[in-house]
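Summary of structural features
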Amino acid sequence: MDRIREALVHIVDEEHVSNLAEELFIYSFDLGTAEPQPPDYVVAPRTTEQIREILRLANSEKIPVVPLGGGLSLAGLAVPEKGGILIDLKRMDSILEVHEDGCYAVLECGVSQGQLTAYLEKHHPTLTHSEPGAPPAATLVGNIVIHGQGDLSHPYGFNSDAVNGLEVVLPTGEVCRFGSIAVGAGWFTNHPLPDVGLFLGWSGTTGIVTKLSIKLFPAKRIRGVGRFVVDDEELVPEILHKLTHTQMAEDIIAFSSAIPPFASGLQTFSVNLAADSEKELEFKQELIWDDTLGEYIRRGDGAYLGFQRGLDRPQISKTSDYRKGGGFEYVGSIMPIKTYPECYRAGRKISERHGIPYTVTGRCIGPGHGMMFAWTYAFNRADPETIIQARQALHETDNLVLDLGGVIWKPGIYGQKLLIERLDPGTRELMGRIKDLLDPNGIMNPGNWEVR
Amino acid sequence: MEKNGFAYSDIIHRCFRCGYCKFPVNWSDVNNCPPYARFRMESYSCGGRLWLTRAWLEDRLPWSEHFADILYSCTTCKNCVVKCPLRFNVDIINMVVAARGEMVERGKVPAGVKIFLQNVELHGNPYGSAKSNRDKWAEGLELEPYRGQEFLLYIGCTGSYDTRAQLAARALAVVLGRAGVSFGVLGADENCDGNEVHNLGEMGLYEMLAEENIAAFRKLGVRKVITLSPHAFNVMKNRYPENGADFEVFHYTRILNDLIAAGKLDMSREFSASVTYHDPCFLGRWNDEYEAPREILKALPGAQLVEMDKVRDSAVCCGGGGGNFCINLLGGSESSPARRRVREAEQTGAGVLAVACPKCLIMLEDAVKAEGLEERLIVRDVAEIIISLSRPA
């Protein structure tokens with residue numbers, strides 16, 4: 001029997017360790033365009049202690065380790081570029097605590113965002129979390145470690161801003177806790193202790209987050225989405241700024257796509273509103289649609305498309321089926337809102353150059369501080385040529401982001417290299433030192449954020 | 001790309017592996033796909049199974065016993081079909097069954113599957129018991145053979161041979177008799193319905209069973225069939241017409257519900273218990289019958305129907321579908337679907353877990369024992385509950 005496999009079985013159990021071809025095949029893939037690379041072993045632990053032992057083993061044997069959550073980043077972040085042990089974290093899926101008065105939840109790293117949504121709706125209906133636009137299988141920890149956003153990012157910022165505390169297993173096997181829990185004061189705040197934010201945005205190269213305390217937010221009794229449309233992309237930044245200025249919305253998104261054809265070239269806004277009473281909802285609707293957007297309707301520049309009660313949760317995976325191809329990937333970026341028109345136009349050109357129907361989306365983060373802008377490229381999984389086309393479009397878009405003065409969000413390896421080239425030398429050196437200190441044998445998700 | 005004309009080569013690449021297929025409708029956990037819940041490896045998820053199948057069909061992955069186990073661990077419960085948001089969702093199970101057909105063509109199926117199919121071929125049932133034993137379930141009941149009565153009561157393999165399921169079959173026959181329903185049975189002449197054979201991918205054997213059953217029913221002049229099992233109900237209602245069947249098929253819960261509504265069943269005794277109901281996949285998701293069993297349970301004098309969190313099209317499969325009540329690729333763990341399901345039932349506080357399927361009955365009763373819940377939860381077929389209320393005429 002393989003010595004490493006035997007050790008992993010000893011740590012976890014027989015059923016949740018594999019080096020068989022089927023598991024190595026499935027775990028070699030990202031869902032996007034990244035080239036597959038197989039791990040040597042797949043393991044699905046159940047406890048932090050098991051993860052500690054796996055990392056100690058990997059560190060002593062100098063075997064690469066790749067942590068995997070929902071596997072939905074679409075950026076190839078959990079492709080085992082150099083083989084090794086892939087750790088599927090989804091069995092660690094307990095919601096450990098919801099503190100209703102303190103408005104936070106403590107979760108294991110495999111809890112999916114859908115699971116938390118359902119749990120809160122059933123047990124704590126006055127609280128909610130900022131739901132990512134990802135499918136329900138996306139894990140909360142996976143979302144915060146890539147600095148994800150959600151449907152409450154306009155009022156509350158990045159989902160990683162909602163972190164109250166973390167439990168992390170370091171590459172050398174030590175367990176650390178951050179935030180108020182580090183001094184035994186519970187999981188209720190991430191501040192004001194010294195900043196050791198070493199695990200968010202690092203793509204699993206500095207440790208494995210095993211527990212998360214995340215802020216919850218008020219869930220209003222009535223929620224719904226209204227839509228508004230303009231035909232001039234130049235109007236989008238000022239409209240977004242006016243909408244954010246009202247501070248009445250939960251989520252503000254502008255988007256445009258080539259499909260359906262009648263909507264091509266139009267810029268549609270979806271604005272989520274929430275209220276505890278009809279009176280509150282009426283006030284917010286009046287402020288948004290009449291007082292803020294009414295002038296565009298009167299000038300003939302825009303149209304109100306109606307308000308629908310209930311949250312129409314995006315089923316982003318439908319994007320993969322636009323051309324019955326089963327695949328899509330997008331470049332996400334954090335951009336100044338003023339760049340929306342150029343993001344749209346340049347992205348559309350890239351799409352058209354590669355023969356891919358364009359889809360662009362901008363979501364406000366904070367009250368006008370920025371937006372997550374995404375360019376989506378569908379491909380046919382059965383047609384390698386379309387995968388190559390999409391990959392080229394993605395790489396061109398990575399460059400576009402930087403040319404337009406933005407930052408690539410959850411960059412894949414290509415985007416990481418672009419960013420590393422532009423990194424402030426002092427910052428790059430510091431990142432290298434941190435990496436050397438935490439991961440002396442370079443076992444954690446190698447290939448990612450290689451600043452040396 | 002195609003192997004022996006796999007009919008879904010132009011579709012199978014469309015699975016994105018987004019994972020909706022793992023969830024119930026309210027997203028409360030990822031345990032609604034039985035094999036994924038059991039093993040918690042992506043290879044056992046619906047999407048993983050489709051990606052592996054495509055790779056095998058395209059010669060990018062060799063056949064292996066492990067892959068065969070993964071393919072056959074699917075219980076064909078249809079949770080994926082209902083939850084997948086993409087337009088090809090209606091063909092997910094069809095793709096699994098077609099891939100199994102490819103394996104059957106090559107004679108490379110798991111040992112348990114081979115035995116299952118051999119037994120059906122040789123004995124007309126998956127258990128390997130003699131055909132002559134098929135009527136043992138009815139011993140002492142003095143049921144009439146079918147000779148033109150209004151209904152044929154079709155029991156199926158599990159109700160005929162499994163000693164626990166036989167009790168449900170007997171209960172149903174007695175209840176129908178007490179209600180004055182005109183029916184007959186086939187006794188030892190009854191044959192396997194073929195639902196599982198079809199879903200295991202043995203299309204030749206399935207066609208033979210379907211054609212033989214249809215011919216036998218036609219010869220006897222059968223116009224209406226009552227089935228004990230939702231599996232038999234499904235195949236006779238939805239597949240047999242493709243082979244020329246023109247008789248009506250009813251699952252027994254629809255018949256009992258109508259009898260109760262017509263006042264033809266004695267419901268005078270109290271059934272003072274809290275009851276929860278498990279939706280069988282082949283009655284619920286496959287045939288959209290959620291109401292009749294619940295109407296029956298609501299009509300029980302003194303009973304209280306309490307629902308589990310995951311019901312109707314979000315009900316968790318017992319793990320017995322796709323022949324796994326016999327082949328058992330999902331057993332042996334507290335993560336086995338049936339054990340998960342009885343824990344969910346126990347959480348309702350109900351004392352009785354009602355089922356309307358002989359396969360669910362045996363799977364869940366075994367799980368109650370494995371979980372040590374015998375003192376708190378009993379599993380009863382709906383027909384068994386009804387017979388406990390009524391008095392002999």
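Only a predicted model underlies this, so the values are computations on that prediction, with no experimental measurement involved. (Residues numbered from 1 in each chain as written. Chains lettered and ligands numbered in written order. Predicted model: local features only at pLDDT ≥ 70, side-chain atom pairs only at ≥ 80, totals over all residues. Heavy atoms only, no water.)

**Focus on the overall build of chain A**
Going by this rule: Secondary structure elements follow DSSP: runs of H or I of four or more residues count as helices, runs of E of two or more count as strands, with numbering from the N terminus. Note on areas: Shrake-Rupley, 1.4 Å probe, and residue coverage restricted to the protein chains presented here. In this tally, Asp and Glu contribute negative charge and Lys and Arg positive charge; neither His nor the terminal groups of the chain are included. Think of each charge as sitting on NZ of Lys, CZ of Arg, CG of Asp or CD of Glu.
Scanning chain A from terminus to terminus reveals 13 helices and 19 strands. In terms of its C-alpha atoms, chain A occupies a principal-axis envelope of roughly 75 × 55 × 45 Å. About 17600 Å² of surface is accessible on chain A, with carbon and sulfur atoms providing 53% of the total. Measuring between centres, the 42 positive side-chain charges of chain A sit 1 Å from its 59 negative side-chain charges.

**Some thoughts on the confidence of the model for chain B**
To keep it simple, the criterion reads: Summary of the metric used: pLDDT quantifies the predictor's per-residue confidence within the range 0 to 100.
Looking at chain B, pLDDT values average 96 and 98% of them are 70 or higher. The ipTM, which scores confidence in the relative placement of chains, is 0.97 for this predicted complex, and the corresponding pTM is 0.97.

**Brief notes about the sheet that holds strand β5 (residues 274-277) of chain B**
Residue and element names in this part refer to chain B. Filter applied, for reference: Two strands pair under a simple rule: DSSP has to find at least two bridges between them. Here, two residues are considered to be in contact whenever any of their heavy atoms come within 4.5 Å of each other. Note on geometry: axes are C-alpha line fits, over the in-contact stretch for helices, and angles between N-to-C directions span 0 to 180 degrees.
What the four strands build is an open sheet, ordered β6-β5-β7-β8; its pairing is parallel. The two strands at the open ends of the sheet, each matched to only one other strand, are β6 (304-305) and β8 (378-381). Where strand β7 (residues 352-355) meets β8, four bridges bridge the pair, whose relative direction is parallel. In the sheet register, V352 faces β8, and the bridge partner there is I378. Against the sheet, helix α17 (residues 382-389) makes contact with β7 and β8, and its axis sits at roughly 85° relative to β8, the strand it touches most.

**Structural notes on the packing of helix α2 (residues 46-57) of chain B against helix α5 (residues 92-106) of chain B**
Residues and elements named next belong to chain B. Heads up, the condition is: Convention used here: angles under 35 degrees read as roughly parallel, angles over 145 as roughly antiparallel, angles from 65 to 115 as roughly perpendicular, and any remaining angle as oblique. Should the near helix be turned anticlockwise from the far one by less than a right angle, the crossing is termed left-handed; should it be turned clockwise, right-handed.
Here α2 crosses α5 at 40°, and the two axes come no closer than 11 Å. What the angle tells us is that α2 and α5 run oblique. Read as a crossing pair, α2 and α5 show a hand that is left-handed. Residues C46, R49, L50, T53, W56 and L57 of α2 pack against I92, M95, V96, A99, E102, M103 and R106 of α5.

**Quick look at the pairing of β7(B)**
On a regular strand, one side chain projects to one face of the sheet and the next to the other, so that they alternate. Residue and element names in this part refer to chain B. Here is the rule: Only protein chains enter the accessibility calculation, which uses a 1.4 Å probe; a residue whose area is less than 20% of its type maximum is buried, one above 50% is exposed, and one in between is partly exposed. Throughout, right-handed denotes a crossover for which the path from the first strand over the helix to the second runs clockwise when the strands point away from the viewer.
Here β7 shows a buried face lined by V352 and A354 and a second buried face lined by L353 and V355. The pairing of β5 with β7 spans three bridges and is parallel. Residue pairing in the sheet places Y277 in a bridge with A354 of β7. Since β7 and β8 lie parallel, the crossover through helix α16 (residues 358-370) that links them has a hand, and here it is right-handed.

**A closer look at the sheet that holds strand β9 (residues 175-179) of chain A**
Residue and element names in this part refer to chain A. Strands sit in the order β5-β6-β10-β8-β9 across an open sheet of five strands; the sheet is antiparallel. The open sheet has two edge strands, β5 (95-99) and β9, and neither has a second partner. Sheet twist, expressed as the average angle between the axes of neighbouring strands with direction ignored, equals 10°. Pairing of β5 with strand β6 (residues 104-108) involves four bridges; the strand directions are antiparallel. Residue pairing for β6: V98 is matched across the bridge by A105.

**A look at the packing of helix α7 (residues 236-246) of chain A against helix α8 (residues 278-292) of chain A**
All names here are of chain A. Going by this rule: Under this grouping Gly is polar, as are all residues other than the nonpolar Ala, Val, Leu, Ile, Met, Phe, Trp, Tyr, Cys and Pro and the charged Asp, Glu, Lys and Arg.
Relative to each other, α7 and α8 sit at 150°, their axes nearing to 10 Å. Handedness of the crossing formed by α7 with α8: right-handed. The segment α7 lies against α8, with K242, L243 and T246 engaging L287, I288 and T292. Of the residues that constitute the contact of α7 with α8, the class distribution is three nonpolar, two polar and one charged.

**Observations concerning the nonpolar core**
Residues and elements named next belong to chain B. Cut-off, in case you're wondering: Nonpolar cores were defined as sets of buried Ala, Val, Leu, Ile, Met, Phe, Trp, Tyr and Cys residues, with membership established by side-chain atoms within 4.5 Å.
Ranked by internal contacts, the top residues of the largest apolar core, which has 272 residues, are L153, L176, L256 and I386. If you tally residues by element for this core, the top one is α5, at nine residues. Excluding residues within four positions of it along the chain, L176 makes contact with L153, V181, F183, I226, I255, L256 and L259.

**Topic: the state of the cysteines**
Selection rule: By disulfide we mean two sulfur atoms from cysteines, separated by a distance within 2.5 Å.
Counted by the stated rule, this structure contains zero disulfides over all chains. In this model C176(A) remains outside any disulfide bridge; the closest cysteine sulfur is found in C109(A), 15 Å from its own.

**Examining the interface of chain A and chain B**
Spelled out, the test is: In the sections that follow, a salt bridge refers to a side-chain nitrogen of Lys or Arg positioned within 4 Å of a carboxyl oxygen of Asp or Glu. Each polar contact in these results corresponds to two N or O atoms within 3.5 Å; when the atoms are within protein, one needs to be able to donate a hydrogen and the other to accept it, and residues that are neighboring in sequence are counted only if both atoms are side-chain atoms.
On the side of chain B, 37 residues touch chain A, which itself brings 48 residues to the contact. Where chain A touches chain B, the interface holds six salt bridges. Taken together, the links from chain A to chain B amount to 16 residue pairs in polar contact (both at pLDDT 80 or more). Broken down by secondary-structure element, the contributors of at least two residues to the side of chain A that touches chain B are β1 (17-18), α2 (21-26), α4 (113-123) and β16 (326-335) of chain A. When its residues are assigned to classes, the side of chain A that touches chain B shows 20 nonpolar, 13 polar and 15 charged.

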